[in-house]
Amino acid sequence: MQTQEQNQIYDDFLCGNDLPEHVLDPVGFRRVQHFNESPYHRGTVIELGGYGIRDEDETAPDIGPRQSIKHLGGRSSIMRVAREIEFALIGLSQRYFVAEYDDPADESRRVSIVVPRFMTPEEIPGKRGKCRSGVSLFVALKADPKRKLYELSFRGFNVEDAVTVVNRIRKLANSAAAHIMAESGKRVVPHTFLVWARVGIGESRLVGKKEQSPVTPPRLAMPDDINVATVMVSGDDFRKFVDLRKELDEYLATGRYSGLHGQALALPVSEPAPALRSGEIAPAQPISEPAPASDEQVIPGS
Amino acid sequence: MVFHTMNDPFHESIENAVAQTANARTAWLAAWEAYFIASSELERTKVDMITGGYVVGKNAEERSANLDKLVEPQAAGLRDATIAERRARMVLENAEDRLRSLLAIAAVRARS
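Note that the structure is a prediction, hence the values are computed from the model and not measured.

J.: Got a sec to walk through the overall build of chain A? Specific residues and values, please.
T.: Across its full length, chain A carries 3 helices and 13 strands. Per-residue burial over chain A gives 43% buried out of 302 residues. The contacts of chain A with a sequence gap of at least 6 include a subset with a gap of at least 24, amounting to 60%.

Shown next, in the form of structure tokens:
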């Protein structure tokens, strides 16, 4: 029975982002959370999977209704939730791995760090060690008129589907660049943020031991033959997105996702890591005390 | 040598064939550009997938298969662009064949 329960927890871990926010790695950007289908979400919009943004302070953009969402472990959050979200893809991280384990100094505390490669449970230096891959998409939500950066992470079994969605958006951006070329004669770089991408969820599939845990992969909710002119961003938005891309490049250059700096993710970081030039070593983040809250890029409630 | 007047239907058909060939050449150039861009995009995406660490697998064959799966949207784009380029090239070759035929007939007429 215990083994079955452990298997279930491990399956949830492998396939899911359905974890309470405090065990997810906090970042400098506000998070859009992807949800797999789960009995925890019965009666909510995301019963069959979807997306959510924590909204305790009622500042989250209106992607859908505000509902109380229960997480694994029993905690609940007030979130804006939707089955589909529309965003401009500003960029994405490389594929990374997240190792989680009980802190040997304080076993009631769970540590979560980015590591440069997959680690087996035996290699992880604490009890209940687990490792899974991840990828983070950095997006500007259409529902947020402030055009801030949000992080949308996918873990485990959903990573490849998320990357396929990215490549579909890249193809759409190429069509947009070809459209601009045909209309104006101007050749433009096919940035992925040339278009608003509508991303929903696909059909759930069962994974894990005995295939009992559903994962609900992301899917581009737009037809292949869509008239690309109808989904292109405005000139003002495009200029903002170029600035966001520069901001993001500086953020990614800190090596947060390379796993080379032992970046601890267990405690909240309220501000984005300082931007460093390529080649510089990121200073160690103080993990005992979260940085003071910034007005702009704070995870509410964290 | 006999020169045909502007009102000569044969002369008109040569002019039409010249115009059709020019149009077909322009269309083929656009299709070739689209093919070239799609081909470059596929290669660029493959490089990004590999350097970003998104391609995983136990061995080279599995990694290759996973890479093909990831870049399927770009591969589909290249397939479409290749077909469009071949069709445009066929239209151009047909137009050139027609123009060559008409010019050959014109040359025979001129000699007679």
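J.: Describe in detail the overall build of chain B, supporting the description with residues and values.
T.: Across its full length, chain B carries 3 helices and 0 strands. In chain B, the order of α-helices and β-strands from amino to carboxyl end is α-α-α. Over its C-alpha atoms chain B spans a radius of gyration of 24 Å, topping by over 25% the 13 Å that the globule rule assigns to 112 residues. When the backbone C-alpha atoms are referred to their principal axes, chain B occupies close to 75 × 20 × 15 Å.

J.: Run through the packing of helix α2 (residues 159-184) of chain A against helix α3 (residues 72-111) of chain B, naming residues and quoting values.
T.: Direction vectors running N to C along α2 of chain A and α3 of chain B enclose 35 degrees, while the axes themselves pass 8 Å from each other. Where α2 of chain A approaches α3 of chain B, its residues Asn-167, Arg-168 and Lys-171 of chain A are matched on the opposing element by Pro-73, Gln-74 and Gly-77 of chain B. Classifying every residue of the contact of α2 of chain A with α3 of chain B by side-chain character gives 1 nonpolar, 3 polar and 2 charged.

J.: Mind laying out the nonpolar core, listing which residues take part and the relevant values?
T.: Residues and elements named next belong to chain A. In this structure, Ala-88, Leu-89, Ile-90, Val-139, Ala-140 and Ala-197 are the most contacted members of the largest nonpolar core, which totals 66 residues. Here the element with the most residues in this core is α2; it accounts for 10 residues. In this structure, Leu-89 is in contact with Leu-137, Val-139, Val-166, Ile-169, Thr-192, Phe-193 and Ala-197, ignoring residues within four places of it in sequence.

J.: Please set out the interface of chain B and chain A residue by residue, giving values where relevant.
T.: Listed by partner, the interface residues are 12 residues for chain B and 11 residues for chain A. When residues of the side of chain B that touches chain A are traced back to their parent elements, those giving at least two are α1 (9-51) and α3 of chain B. Of the residues that constitute the side of chain B that touches chain A, the class distribution is 6 nonpolar, 5 polar and 1 charged.

J.: Give a detailed account of the confidence of the model for chain A, specifying residues and quantitative values.
T.: Residue and element names in this part refer to chain A. Summary statistics for chain A give a mean pLDDT of 78 and a share of 76% for residues scoring 70 or more. For the stretch residues 14-25, pLDDT sits under 50, and the model shows 40 contacts to residues farther than four places along the chain or on other chains. A low-confidence stretch, residues 262-302 (pLDDT under 50), is modelled with 77 contacts involving residues beyond four sequence positions or located in other chains.

J.: Lay out α3 of chain B with the relevant residues and their values.
T.: In this model α3 of chain B runs 58 Å from its N-terminal to its C-terminal C-alpha over 40 residues, within 8% of the 58 Å that 1.5 Å per residue would give. Taken as a whole, α3 of chain B has its buried residues at Pro-73, Gln-74, Gly-77, Leu-78, Ala-81, Glu-85, Ala-88, Leu-92, Ala-95 and Leu-99 of chain B.

J.: Tell me about unusual backbone geometry, and please be specific about residues and values.
T.: Residues and elements named next belong to chain A. Even without glycine at this site, Arg-128 takes up a positive phi of about 50 degrees. By the element assignment, Arg-128 lies in the loop between β7 (106-115) and β8 (130-141). Accessibility expressed as a C-beta count within 10 Å gives 15 for Arg-128, which makes it partly exposed.

J.: Go over helix α3 (residues 235-252) of chain A with me, naming the residues and quoting the values.
T.: All names here are of chain A. The first and last C-alpha atoms of α3 sit 25 Å apart over 18 residues, in line with the 26 Å expected at 1.5 Å per residue. Within the sequence span of α3, burial applies to Phe-241, Leu-244, Leu-248, Tyr-251 and Leu-252. The buried residues of α3 occupy one face: seen down the axis, they fall within an arc of 80 degrees. Among the exposed residues of α3, those pointing more than 90 degrees away from its buried face are Gly-235, Asp-236, Arg-239, Asp-243 and Lys-246. In this structure, the buried side of α3 is in contact with β5 (85-92), β8 and β9 (149-155).

J.: A description of the packing of α2 of chain A against α1 of chain B should follow, citing residues and the corresponding values.
T.: Taken N-terminus to C-terminus, the directions of α2 of chain A and α1 of chain B make an angle of 150 degrees; their axes are 12 Å apart at the nearest point. Here α2 of chain A is positioned roughly antiparallel relative to α1 of chain B, judged by the angle of their axes. When you trace α2 of chain A past α1 of chain B, the crossing you get is right-handed. Contacts between α2 of chain A and α1 of chain B pair Asn-167, Arg-170, Asn-174 and Ala-178 of chain A from the former with Ala-34, Ile-37, Glu-41 and Thr-45 of chain B from the latter. Here the contact of α2 of chain A with α1 of chain B is built from residues that sort into 3 nonpolar, 3 polar and 2 charged.

Scoring rules and cut-offs
- As a convention, each chain's residues are numbered from 1 in the sequence order in which they are written.
- By the order in which they are written, chains take letters starting at A while ligands take numbers starting at 1.
- pLDDT decides what is reported in this predicted model: residues at 70 or higher carry local features, side-chain atom pairs at 80 or more are listed and counted, and totals for whole chains, interfaces and linings draw on all residues regardless.
- Helix numbering and strand numbering both begin at the N terminus, where a helix is a DSSP run of H or I of at least 4 residues and a strand a DSSP run of E of at least 2.
- Here the C-beta atoms are placed from the backbone, and a residue counts as buried if at least 20 other C-beta atoms lie within 10 Å of its own, exposed if 12 or fewer do, and partly exposed otherwise.
- We call two residues in contact when their backbone-placed C-beta atoms lie within 7 Å.
- Our radius of gyration is a C-alpha quantity, and the globule rule it is checked against amounts to 2.2 Å times the number of residues to the power 0.38.
- Only the contacting stretch of a helix is used when fitting its axis, a line to C-alpha atoms as for every element, and angles between N-to-C directions run 0 to 180 degrees.
- By the convention adopted, Pro, Cys, Tyr, Trp, Phe, Met, Ile, Leu, Val and Ala count as nonpolar, Lys, Arg, Asp and Glu as charged, and the other residues, Gly among them, as polar.
- The nonpolar core is taken to be a set of buried Ala, Val, Leu, Ile, Met, Phe, Trp, Tyr and Cys residues joined by way of C-beta atoms within 7 Å.
- A score between 0 and 100, pLDDT records how confident the predictor is in each residue.
- What a helix should span is 1.5 Å times the count of its residues minus one.
- Directions drawn from the helix axis to the C-beta atoms are what define this arc.
- Roughly parallel covers angles under 35 degrees, roughly antiparallel covers those over 145, roughly perpendicular covers 65 to 115, and oblique covers all other angles.
- The crossing is said to be left-handed when, going from far helix to near helix, the turn is anticlockwise and less than a right angle, and right-handed when the turn is clockwise.

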